[in-house]
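So you can see what is in the structure, the chains are spelled out below.
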Amino acid sequence: MGKDILNIVIGGPAGEGLVTVGALLARALVRSGYAIVVTQSYHSRIRGGHNTFAIRTSTKDTIFAPQEPIDLLMPFDEHTIVLHAKDVVRGGVILADEACAVASDTVVKIPFKALAADGFFNIAALGIMASVIGLEKAVAVATLHDLFDAKHHDVAAENKAVLSRAYEWAQENVSAETIRLNAPEHAYSRLMMHGNEAIALGALSAGVKFCSFYPMTPATSIMLALAAQANDMGIIVEQAEDEIAAINMAVGASFAGAPSMVATSGGGFALMVEGVSLAAMTETPLVIVVAQRPGPATGLPTRTEQGDLELVLHAGHGEFPRAIYAPGTPEECFYLTRRAFESAQQFQGPMFVLTDQFLADSYRAVLPFDLEKLPSFIPVLPSVDPGADYRRYLLTENGISPRLVPGVSRHLVVADSDEHTDDGHLTEDLCVRKQMVEKRLGKGEGMKESTIPPEFIGDENPDLLFVSWGSTKGAVRETVAALQQHGASCASLHFSQVWPLNEDQCLKILTNAGEVVCVEGNATGQFARLLRRETGFAIKKRIARYDGLPITPASIMEQLPGSS
Amino acid sequence: MGKDILNIVIGGPAGEGLVTVGALLARALVRSGYAIVVTQSYHSRIRGGHNTFAIRTSTKDTIFAPQEPIDLLMPFDEHTIVLHAKDVVRGGVILADEACAVASDTVVKIPFKALAADGFFNIAALGIMASVIGLEKAVAVATLHDLFDAKHHDVAAENKAVLSRAYEWAQENVSAETIRLNAPEHAYSRLMMHGNEAIALGALSAGVKFCSFYPMTPATSIMLALAAQANDMGIIVEQAEDEIAAINMAVGASFAGAPSMVATSGGGFALMVEGVSLAAMTETPLVIVVAQRPGPATGLPTRTEQGDLELVLHAGHGEFPRAIYAPGTPEECFYLTRRAFESAQQFQGPMFVLTDQFLADSYRAVLPFDLEKLPSFIPVLPSVDPGADYRRYLLTENGISPRLVPGVSRHLVVADSDEHTDDGHLTEDLCVRKQMVEKRLGKGEGMKESTIPPEFIGDENPDLLFVSWGSTKGAVRETVAALQQHGASCASLHFSQVWPLNEDQCLKILTNAGEVVCVEGNATGQFARLLRRETGFAIKKRIARYDGLPITPASIMEQLPGSS
Amino acid sequence: MSTIEGYGIFETAWCPGCGNHSILPAVKQALVACELEPHQVLFVSGIGQAAKAPHYLRANVFNGLHGRSLPVATGAKLANPTLTVIVESGDGCNYGEGGNHFLAAVRRNIDITLVVHNNQIYGLTKGQASPTTPGGLVTKAQPSGVFSEPFNPIAVAVTMHAGFVARAFSGDPGHLTEVIRQGIGHKGFSLIDVLQPCVSFNKINTFAWYKKRCYLPASHDPADWEAAMKRAQEWGERIPIGILYKNDRPPFDAHFSFLKEGPLFSRDVDKRSLQKVLDRFR
Amino acid sequence: MSTIEGYGIFETAWCPGCGNHSILPAVKQALVACELEPHQVLFVSGIGQAAKAPHYLRANVFNGLHGRSLPVATGAKLANPTLTVIVESGDGCNYGEGGNHFLAAVRRNIDITLVVHNNQIYGLTKGQASPTTPGGLVTKAQPSGVFSEPFNPIAVAVTMHAGFVARAFSGDPGHLTEVIRQGIGHKGFSLIDVLQPCVSFNKINTFAWYKKRCYLPASHDPADWEAAMKRAQEWGERIPIGILYKNDRPPFDAHFSFLKEGPLFSRDVDKRSLQKVLDRFR
Ligand SMILES: Cc1ncc(C[n+]2csc(CCOP(=O)(O)OP(=O)(O)O)c2C)c(N)n1
Ligand SMILES: Cc1ncc(C[n+]2csc(CCOP(=O)(O)OP(=O)(O)O)c2C)c(N)n1
Ligand code: SF4
Ligand code: SF4
Ligand SMILES: [Mg+2]
Ligand SMILES: [Mg+2]
């Protein structure tokens, strides 16, 4: 009997092909029909250090979070064994090089030198792993083929030979039934993507036409994914001279009609704060992705945290409405990015997607999106001609004014960062000021009405209710399932939109629960206090993590009231 | 019988000496022993437009806020009469030029052309006003002398002649008993200064040595006041290339031992957000003054608002403690700026002074500060030698580590914006990370213990309790006094420090009151919701102003529950 | 048809006697000379006295943040290259707060005409030093005089091989109009630094001061980089005006072949291409 | 006494073969040559691979934000002019994110030595184009190649009459040491642009590429601005290194006479002067 769930950790220094191999193995798993949850942990350096690429995989679609215990450890150096051997479960396997000095019954020695020439060690590792967990060789070869053949003709053949040799060697020499995967439940045809790729794809499907950015981990890969498709999709992806330029460029492009997006992390976003306010005042649609990492300042640039919720909620001087979407899976990254474009177009202002390093880098198996069914949000001329006297900021019931694009008709489009009259020109008329404040804030009502309700999963009126938001979704979901299995009355209330909050959507659930625990990847409990501010409901127990690693079911259980 | 309180409004286009004359008259009043509350209202332009300089003055120290009804209107053009005549009270006077076409029994015609040559109109106006309200001529002449004699020798004599001529003319030709001031209650010797000057003086007394800024209304005058004294005081006041440079320079200077300050307004502060986070991470003392004006974006650059509380509270990515002081008078500007320097030094991080255009520009009569009694906050070497193994970020009980200045001893001082070990060097050790987060946030406890309690004035357990913060202090205080005179049970709870909030200092008072009303110069009720977040107390009734003008007792009364 | 009347006449908030008053009609006249109609033109500005200019004519306008007009203009131009994009703002806006964007715009050679109202002072905030303020000038913010060397925008632009570099003087509106016309006509980044007296705050660089010094070099070949570099260093008793340097580097938008098919907003998502993109994630 | 040992030896996080490995000892050696001890020196850096350098020696260090080292260094130098202040950071830090501060530092002539590790790429963020990346270079962020003209820091600094402008090559550490020594010795702003191969992300500007091209001009007078300007334009088959330009503009701190009395923190508030200031408000 094989396994239904395996946790595979590949560890070692940066620059030795660890991520390549991890991604190849993950892809082979997805193509074979398995579910995956990838967790990438790396240092802020290019070579050396200690990185891990962890693939939790399952025959069923019941895994949503990383886990700590390791079934299969693939060390690229001895240091990895030293660090992680203690986490290898009974029956687990460490696939170490035969030269390795560590002796333990979990260690299986592999003659890597014999199997692969210098520089191909990682491909040999792929072959061994694929073999021992029971993937078909053809699938592994095909992923390798797709990655290398187009770009690296020269090494493609050698790669395949090494893979094949290692796979066969393991078939003959390694018997590790304890880490062999059962056949997957469904023969899905799924895509493999991480959170950031899903954001990029969501944006493309929504009709994004202009993206500007300044590189910053962990947001950069969104823009790299877009840049790779830019020519094919006819979009512009421009690296700006700084983050201030990035957001102002995007505002300019959006003003001129191109659905626009920027992506950055906390420190870069800090520089965009004035631009956020500009987008709000000029009522220019804009999607801003903030991929969180631990601060303050440079902090831990390659790790994860949920520490910038309050910053994103209050960024920008002056008062204006906004919406903040906080995806919890790559699927949500896709759909909520689309939703952000939709809101930006509908409410004409800055809208946010708040993710973090864990989700950004976390590969998953994703059901293909049905593109035909998904509308885009490219502005079109209003069906009704605004007439000779076009007023960009016409006062309306819901605060939404007719938006035209400059240069398309004879109507002149005037936008101003100063307070302005309804034709966009600057004014010092304090009565107009008051009207315009109310107009802008009035749009917040509409946003609030369309807030995505939090997802409630579990027992009605539970003894224990978890509140969570964003990337902790999977960890909380698994925790609830586990606790329920042990007979607990338990549920989760997960927010994928964290602003505006609508108390009608949550207050009853909160007050009907026994104990309420807020799970957040930050130290001060930002969402918990926001919830209190908006609903009056004070959450007394918090589960917090702020050491740079993602919240996992185990880390929740550890801090759970009553756990030892 | 003369008057105890007068409201004098000088109005007209910019660039004709209106502010000069207003300030001269205000100074003459202060020197004569009167109290004043000045309100300046101006457009974002250099010449033209319509500006007012309003001086509310009193024989007693019982005025704290502006008022709308005008006793004496001094129009520099006819437009001013058109705009303000309706606000002139019965018995009030408009001192118009004889060429003025407006006929009304409040208009007193003045032969300005005969009294003053071109360009001296404003000085003639000063003479007339001083005369009709009953100031001594010598006092008026002396203020003029002090202003002009040093700098503008050429025009000084002519100025004095015009002043004298106008004063005498009015003595003979104008009898306006209704606007003649009674003698002041005390013969005080007071200083005259506006909020921004008081901030500058507070900083100087605290030992500020380095100030950097990028010009931005209404913060610029703080830096101009400092620059004017820079050589005498041996401090550096540097105009930076942008706000990002300003805050980073100040951080650098502070790191090297100079107590440092920056001052800006919302849009400029938006650009400093990353720098705030840097000061927090490197634990560098820094005082940041934010002088609010209405946003979003450029908004109304010369008007007032209390719209940036939430931005200032949450500025900076990542989590760290801070204190925010919100002065309500020039005296508080002085003392709270000092307090900000004290906190910055004690807790080693960014501390805020949150003011606004109204207070920034509001001249008042201020009792001289006793400098001898006021300590400064220049860093001194710790009395205990840290020993060979100096650790800048040593973990301590209260989170406060021994701070040394580089280059002063052989101890090396290392600071890093990345997460760091206790010696300041960057680390990716996630256990250290956790300790450092807790160390930094731990300092917040000490800050909270030293939070200045809100000021409670009025009846115990009142039927009606006003909650307010910052520059609305005076308006609320006068409102309470007025309502009490009419027999109402009424009080005010005013916050001069808005973060950290300490629920022990306010929750009881809030729950013991009948109706609670929060008075704020913004549209969304930022302080009210912060209070709810921190104490759970939800304030249902808000009095808000967001048209760019300051909150006044009349504007409060208008919105009061039950007022028509 | 493009007419001067089409660009309208509006009341301004500038001081009487300010150099800005002559730049405004020159800009309008240049647009008419280029046969551009108001709806074909987008003005982008920042914050300052100069930056108010676009409010005083009829056109599309984006009046953004202090110092950030070039990025906004860059985004708008890339989104719709059929727009004629003109940035009008002050010396503080473009060389101070926006210094980094100035360098980037030159490097990109984005097809924008940048008209800098260079009064060598921060006007709207009441007279602090700008990057071009002469050393030693005393202001309320610099009571001991300015210590930094003034920024020479012409020299830096020429050094960096900017597409089109010109200087003009608001006191010579005919020449100014012609320079702006050529700047708009130039395909690529055009810097037009316009010397503009500020009667309220700059008592050194007055109309008379400029008038006495500005001259149009008799023979100057703007294609000659070395000659331009020499001219760019002239500042003092004599100040050269005119088109000082010019080249034909391709404008930034030319690098995006798909832009030839029209503005970005005019095309919906190509779902077939997108499906192919998705398939790359299998 | 200043010794090379005094500056310590530390493990680095740089890639094997990276040019940074040779810059580090050159900096240390220059400090020893200047007879400076670790506590007399303050290193300020930003974020990037280059910016990690100060962690690998013993000295006072302020490792701040990406792009913002020059303002921090400026503040620190003014607060305590007795400190020798050295900024070490990358091309992205100084010419990209920090471009505006670069211009301002040159204009101020603040007495700081700026050592730019110019690998013509963003190293730490994995190989996007930097402002000095050659046109056309393909990266993951620029899959169609870089469209902007590269920034020429030497040319811009010379144009702006920076105090001290030099170029060096990490592959010639002896020369590099000497240039840094002179840069530290120079009173005023010193730019030292160090060509540094990035073995991981810049496959064009390799050690061999630089080695073949870098040369020390036989006779070059750094006092000759025009000659410097010519040298500054040389880039291609031959790349001049060495001190290319130098002048003796007064350093920024010299404008503040009270700084001669010692660092700012060393003096408490002069209450008599402050009382006089207060009296001005009567
Ligand atoms: C971020 C930011 N900082 C500062 C300001 C304040 N501000 C407005 S205009 C201006 C200077 C204007 O100078 P310049 O660009 O030369 O224009 P001028 O008024 O001289 O025409 C400044 C500093 C602002 N609006 N925004
Ligand atoms: C405000 C901000 N934006 C972006 C980043 C991400 N970032 C870190 S290093 C770097 C580029 C480094 O390039 P360079 O300065 O040339 O240094 P190198 O690594 O090449 O030595 C960037 C963009 C950041 N830390 N902060
Ligand atoms: S302040 Fe100067 S630049 Fe501004 S309008 Fe007046 S004269 Fe012109
Ligand atoms: S990435 Fe490049 S610059 Fe960074 S350490 Fe490696 S070789 Fe050096
Ligand atoms: Mg200017
Ligand atoms: Mg670099």
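Residues numbered from 1 in each chain as written. Chains lettered and ligands numbered in written order. Predicted model: local features only at pLDDT ≥ 70, side-chain atom pairs only at ≥ 80, totals over all residues. Heavy atoms only, no water.

Chemist: Please provide a residue-by-residue account of the packing of helix H5 (residues 137–148) of chain A against helix H6 (residues 153–173) of chain A, values included.
Modeler: Residue and element names in this part refer to chain A. Axis separation between H5 and H6 bottoms out at 10 Å; the angle between their running directions is 160°. Overall, the two elements H5 and H6 adopt an arrangement that is roughly antiparallel. Note that H5 runs across H6; the crossing there is right-handed. Contact residues: Lys 137, Ala 140, Val 141, Leu 144, His 145 and Phe 148 in H5; His 153, Val 155, Ala 156, Asn 159, Lys 160, Leu 163, Ser 164, Tyr 167 and Glu 168 in H6. (Axes fitted to C-alpha atoms, helices over the stretch in contact; angles between N-to-C directions. Helix = DSSP H or I, 4+ residues; strand = E, 2+ residues; numbered from the N terminus. Parallel < 35°, antiparallel > 145°, perpendicular 65-115°, else oblique. Left-handed = near helix turned anticlockwise from the far one by under 90°. Contact = heavy atoms within 4.5 Å.)

Chemist: Just give me the short version of the coordination of the magnesium ion (ligand 5), but keep the residues and values in it.
Modeler: Asp 91 of chain C (OD), Asn 119 of chain C (OD1) and Ile 121 of chain C (O) make up the full set of protein donors to the magnesium ion (ligand 5), lying at 2.0 to 2.2 Å. Owing to a relative accessible area of 6%, Asn 119 of chain C belongs among the buried residues under this scheme. (Donors = N, O, S within 2.8 Å, 3.2 Å for Na, K, Ca; no water. Buried < 20%, exposed > 50% of the residue type's maximum accessible area, 1.4 Å probe, protein only.)

Chemist: Could you give me a rundown of the interface of chain C and chain A, with the residues and numbers involved?
Modeler: A common way to state how big an interface is: give the accessible area lost once the parts meet. Listed as interface residues are 49 residues of chain C and, on the opposing side, 69 residues of chain A. Both faces combined, the contact of chain C with chain A buries some 5000 Å², and carbon together with sulfur accounts for 63% of it. Of the charged contacts, one joins Asp 232 of chain A and Arg 280 of chain C as a salt bridge, the two residues approaching to 3.0 Å between their closest N and O atoms. Run the count over chain C and chain A and you get 25 residue pairs in polar contact (both at pLDDT 80 or more). Residue assignment for the side of chain C that touches chain A shows that the elements contributing at least two residues are strand S2 (60–63), helix H2 (69–79), helix H4 (99–108) and helix H9 (271–279) of chain C. (Buried area = accessible area lost by both parts, 1.4 Å probe. Salt bridge = Lys/Arg side-chain N within 4 Å of Asp/Glu carboxyl O. Polar contact = N/O pair within 3.5 Å; in protein donor to acceptor, adjacent residues only side chain to side chain.)

Chemist: Kindly report on the site of ligand 2, identifying the contributing residues and their values.
Modeler: Near ligand 2 lie 23 residues; those nearest to it are Glu 243 of chain A together with Gln 49, Asp 91, Cys 93 and Gly 123 of chain D. In this structure, Cys 93 of chain D approaches ligand 2 through a main-chain N or O atom, which is 2.8 Å from an oxygen atom. Contact between ligand 2 and Asn 119 of chain D: an oxygen atom at 2.9 Å from a side-chain N or O atom of the residue. Protein burial of ligand 2: of its 590 Å² of free accessible surface, 98% is covered by the chains. The element best represented in the shell around ligand 2 is helix H3 (residues 91–97) of chain D, accounting for four residues. Of the residues that constitute the shell around ligand 2, the class distribution is ten nonpolar, eight polar and five charged. (Near = heavy atom within 4 Å. Areas by Shrake-Rupley, 256 points an atom, 1.4 Å probe, with all protein chains shown as cover. Nonpolar A, V, L, I, M, F, W, Y, C, P; charged D, E, K, R; others polar.)

Chemist: So what about the pattern of salt bridges? Which residues, and what values?
Modeler: On inspection of all chains with the given rule, the structure shows 72 salt bridges over all chains. When the shortest N-O distance is used, the salt bridge between Glu 305 of chain A and Arg 433 of chain B registers 2.6 Å. Of this pair, Glu 305 of chain A sits in the loop between strand S11 (286–292) and helix H11 (309–314) while Arg 433 of chain B is found in helix H14 (residues 430–449), placing the two residues in two different chains. Each member of the pair, Glu 305 of chain A as well as Arg 433 of chain B, carries the same accessibility label: buried. When the shortest N-O distance is used, the salt bridge between Lys 443 of chain B and Glu 283 of chain B registers 2.9 Å. In this pair, Lys 443 of chain B sits in helix H14 while Glu 283 of chain B sits in the loop between helix H10 (266–282) and strand S11 (286–292), placing the two residues 160 residues apart along the sequence. The exposure classification of Lys 443 of chain B matches that of Glu 283 of chain B, with both residues buried. Residues joined in a network through salt bridges with shared partners are Glu 305 of chain A together with Glu 419, Arg 433 and Arg 440 of chain B.

Chemist: Mind laying out the sheet that holds strand S12 (residues 323–325) of chain A, listing which residues take part and the relevant values?
Modeler: Residues and elements named next belong to chain A. Taken in spatial order, the seven strands line up as S9-S8-S10-S11-S13-S12-S19 in an open sheet, and their pairing is mixed. With one partner strand each, in any of the chains shown, strand S9 (236–239) and strand S19 (497–499) form the two edges of the open sheet. Between one strand axis and the next, the sheet turns through 20° on average, direction left out of account. Sheet topology places S12 next to S19; two bridges connect them, and they run antiparallel. Residue pairing for S19: Tyr 325 is matched across the bridge by Gln 497. (Pairing = 2+ DSSP bridges.)

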